[in-house]
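An overview of the molecular structure
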Amino acid sequence: MKPIKIGLLGLGTVGTGVVKIVEGHQDDLSNQVGSPISIAQILVKDRRKTRSIPIEAAKLTEDPWDIVRNPDIDIIVEVMGGIAQTKEYILEALERGKHIVTANKDLMALHGQEILAKARDKGCDVLYEASVAGGIPIIRTLVEGFSSDRITKIMGIVNGTTNYILTKMSQEGAAYADVLKEAQELGYAETDPTSDVEGLDAARKMTILSSLGFRSNVDLDNVSVRGISGVTQEDIRYGKRLGYEVKLLGIAERQDDLFSVSVEPTMIKTTHPIAAVNGVFNAVYVHGEAVGETMFYGAGAGELPTATSVVADLVAVIKNMKLGVNGRQAQLSYNVMKLKSDDQIASKFFLLLHVEDRAGVLAQIAQVFSDCDVSIESVMQPSTPHQSSTEIIIITHQASKKAMNEVLNAFESLSAVRRVKSVYRVEG
Ligand code: NAP
Ligand code: HSE
């Protein structure tokens, strides 16, 4: 039987996994799709580099156009990364009627709508399951599994590097800079770890998840982003004393035609299942009006977990080819939605304040909360030897982001509050 020919762009971590799974599971795969699958050509930057798996030298090329313009190639699997050049290759491949499977969240978060529009125009498939939460089939779950429901909240640990760092800081008391170095050495972090630790990688993934979950066009600019570089051991310790873990959470919420998306370090109740997701693992919690609460857990990166999702997309494309239904993905962004303003976004908050330690200070602080219409849930003052200053930790009831900003502004002119050391959203 005529094999389906694949052009693989990239033979790094994920590309190597794709070759291993396509070759190692060939019988299973060809039984599922009704044809052998052949990786016919592979793009690399350096053909002379030693590879960890045996690869026929004749299959390797350093020229992307050899693959993109090869009429024998049916499907392009893009696992090279990059944005501008990679987009050019993908658009050209679509122009030539080739289907695309990609793991590239950067590309899909920034140019997904344009690429998907081109694919629809050309009757081609573009699938990108591996772009979010590597080995967890969360995209297919949102698009197919929950097609019958209206999703109201998606809350995820979608960056393994930051979860690894926060886990080590919480469980071992390790310093932020030391664990970041370790995460880089272990290969979890992106080439430039700024995009991991400052939340951009997670924001790109949340752009993809919220667009699919809310069936709307969510732009990266719609995501409010704060990374973990400001998280201290003190925050983690006080959080634990009150029953919280600090996690970098992507949170997308929808009410009717209003939505919000954020990525920020968040105090999550230790009783919430997402608080127990540790190390490089990812998890995505999804709430739907009909289904209620669900959660999906697994490896968010790595050679074989990520390649599992890539090859599953490949199988889906080939099945569509056999049925002659490529490019018939429904228009998924039909909801016209508006971004919530700060007075429409509400959560509980955790505040760590450095304050003067004298009679009446707590009353002054409580007055500020009262003036801004923010209700306090609990207050903790750790017992310290009597000094001129101390720490106070306050957890609020639900309050709008706007009201909380008013509280923080008012503290700037209250001399009893020497410094607002930390503010966190609270969940769970
Ligand atoms: P990687 O290990 O750095 O591999 C990149 C591969 O692409 C290498 O084989 C490299 O060639 C080739 N390449 C890069 N730029 C090229 C260029 N301009 N021309 C020709 N070849 C080029 O990357 P990766 O970790 O596999 O990630 C690939 C993609 O998957 C990225 O979009 C990433 O965000 C996404 N992803 C990765 C993971 C993960 O766990 N790693 C998880 C989810 C998604 P050489 O081998 O010759 O250097
Ligand atoms: N740097 C990413 C992470 C890799 O840490 O999750 C997977 O996208």
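What comes next is a walk through the structure. All values reported here derive from a predicted model rather than from experimental measurement.

This part covers the pattern of salt bridges. All told, the structure shown has 25 salt bridges when counted by the stated rule. Here Arg 48 makes a salt bridge to Glu 62, at a shortest N to O gap of 3.7 Å. Taken together, the positions of Arg 48 in the loop between β2 (37-43) and β3 (60-61) and Glu 62 in the loop between β3 and α3 (64-68) put the pair 14 residues apart, joining distant regions of the chain. We classify Glu 62 as partly exposed; its relative accessible area is 36%. Of the charged contacts, one joins Arg 140 and Asp 313 as a salt bridge, the two residues approaching to 2.6 Å between their closest N and O atoms. Of the two residues, Arg 140 is situated in helix α6 (residues 138-145) and Asp 313 in helix α12 (residues 303-323); the sequence distance between them amounts to 173 residues. The exposure class of Arg 140 is partly exposed, given its relative accessible area of 25%.

Here we come to the site of ligand 1. Around ligand 1 sit 22 residues in total, of which Leu 11, Val 14, Lys 49, Arg 51 and Gly 302 are the nearest. Here Leu 11 contributes a backbone N or O atom positioned 2.8 Å from an oxygen atom of ligand 1. Arg 51 has a polar side-chain atom sitting 2.6 Å from an oxygen atom of ligand 1. Isolated, ligand 1 exposes 900 Å² of accessible area, and the fraction of that covered by the protein chains is 77%. Split by residue class, the shell around ligand 1 holds nine nonpolar, eight polar and five charged.

The first and last C-alpha atoms of helix α4 (residues 84-95) sit 17 Å apart over 12 residues, in line with the 16 Å expected at 1.5 Å per residue. Those residues of α4 not exposed but buried are Thr 86, Lys 87, Tyr 89, Ile 90, Leu 91, Ala 93 and Leu 94. Turning to α4, the residues buried within the fold contact β1 (4-9), α3, β4 (75-78), β5 (99-102), α5 (105-122) and β6 (126-127). Backbone geometry just after α4 places Gly 97 at a positive phi near 80°.

Tracing the backbone through its elements, the reader meets Gln 364 in helix α13 (residues 361-371). With 319 residues separating them along the chain, Gln 364 and Lys 45 place their C-alpha atoms 63 Å apart. Sequence-distant contacts of Gln 364, that is, excluding residues within four places in its chain, are made with Arg 358, Leu 414 and Ala 416.

Of note, Ala 133 is a non-glycine position whose phi angle comes to about 55°, a positive value. In this fold, Ala 133 is placed in the loop between β6 and α6. According to the relative accessible area criterion, Ala 133 is buried, its value standing at 0%.

Okay, the packing of helix α1 (residues 13-24) against α12 next. For any two helices packed against each other, the geometry comes down to the angle between their axes and how far apart the axes lie. The geometry of α1 relative to α12 is characterised by a closest axis approach of 8 Å and an angle of 60° between their N-to-C directions. The angle between the axes of α1 and α12 places the two elements in the oblique class. In this structure, α1 meets α12 at a crossing whose hand is right-handed. On α12, the residues touching Thr 13, Val 14, Thr 16, Gly 17, Val 18, Lys 20, Ile 21 and Val 22 of α1 are Glu 303, Leu 304, Thr 306, Ala 307, Thr 308, Val 310, Val 311 and Leu 314. Counted by class, the contact of α1 with α12 contains nine nonpolar, five polar and two charged residues.

One finds Leu 94, Val 126, Ile 138, Leu 209 and Phe 350 to be the most contacted residues of the largest nonpolar core, which totals 73 residues. A total of seven residues in this core trace back to one element, the largest contributor, which is helix α10 (residues 200-214). Here Leu 94 is in contact with Ile 100, Ile 115, Lys 118, Ala 119, Lys 122, Cys 124 and Val 126, once residues within four sequence places are set aside. Counting residues in each nonpolar core, the second largest holds 31 residues, with Val 44, Val 77, Val 101 and Val 315 among its members.

Taken together, Lys 105, Asn 159, Gly 160, Thr 161, Tyr 188, Glu 190, Asp 196, Asp 201, Lys 205, Gly 300 and Ala 301 make up all the residues around ligand 2. A distance of 2.6 Å separates an oxygen atom of ligand 2 from a polar side-chain atom of Thr 161. A distance of 2.8 Å is found between an oxygen atom of ligand 2 and a side-chain nitrogen or oxygen belonging to Lys 205. Protein coverage of the free-state accessible area of ligand 2, which is 260 Å², stands at 90%. Among the secondary structure elements, those contributing two or more residues to the shell around ligand 2 are α7 (160-172) and α10.

Moving on to the packing of α5 against α10. Across the interface, α5 lies against α10 with an axial gap of 9 Å and an inter-helix angle of 55°. Here α10 runs oblique to α5, going by the angle between their axes. For the pair α5 and α10, the sense of crossing is left-handed. Of the residues in α10, those in contact with Lys 105, Asp 106, Met 108, Ala 109 and Leu 110 of α5 are Asp 201, Arg 204, Lys 205, Thr 207 and Ile 208. Split by residue class, the contact of α5 with α10 holds four nonpolar, one polar and five charged.

Our next topic: the environment of Lys 118. In this fold, Lys 118 is placed in helix α5. For Lys 118, a relative accessible area of 22% translates into the label partly exposed. Separated by 17 residues in sequence, Lys 118 and Val 101 have C-alpha atoms that sit 14 Å apart. Those residues within four positions of Lys 118 in sequence are excluded, and the remaining contacts are Leu 91, Leu 94 and Glu 95.

About the thresholds
Residues numbered from 1 in each chain as written. Chains lettered and ligands numbered in written order. Predicted model: local features only at pLDDT ≥ 70, side-chain atom pairs only at ≥ 80, totals over all residues. Heavy atoms only, no water. Salt bridge = Lys/Arg side-chain N within 4 Å of Asp/Glu carboxyl O. Helix = DSSP H or I, 4+ residues; strand = E, 2+ residues; numbered from the N terminus. Buried < 20%, exposed > 50% of the residue type's maximum accessible area, 1.4 Å probe, protein only. Near = heavy atom within 4 Å. Polar contact = N/O pair within 3.5 Å; in protein donor to acceptor, adjacent residues only side chain to side chain. Areas by Shrake-Rupley, 256 points an atom, 1.4 Å probe, with all protein chains shown as cover. Nonpolar A, V, L, I, M, F, W, Y, C, P; charged D, E, K, R; others polar. Expected span 1.5 Å × (residues − 1). Contact = heavy atoms within 4.5 Å. Axes fitted to C-alpha atoms, helices over the stretch in contact; angles between N-to-C directions. Parallel < 35°, antiparallel > 145°, perpendicular 65-115°, else oblique. Left-handed = near helix turned anticlockwise from the far one by under 90°. Core = buried A, V, L, I, M, F, W, Y, C linked by side-chain atoms within 4.5 Å.

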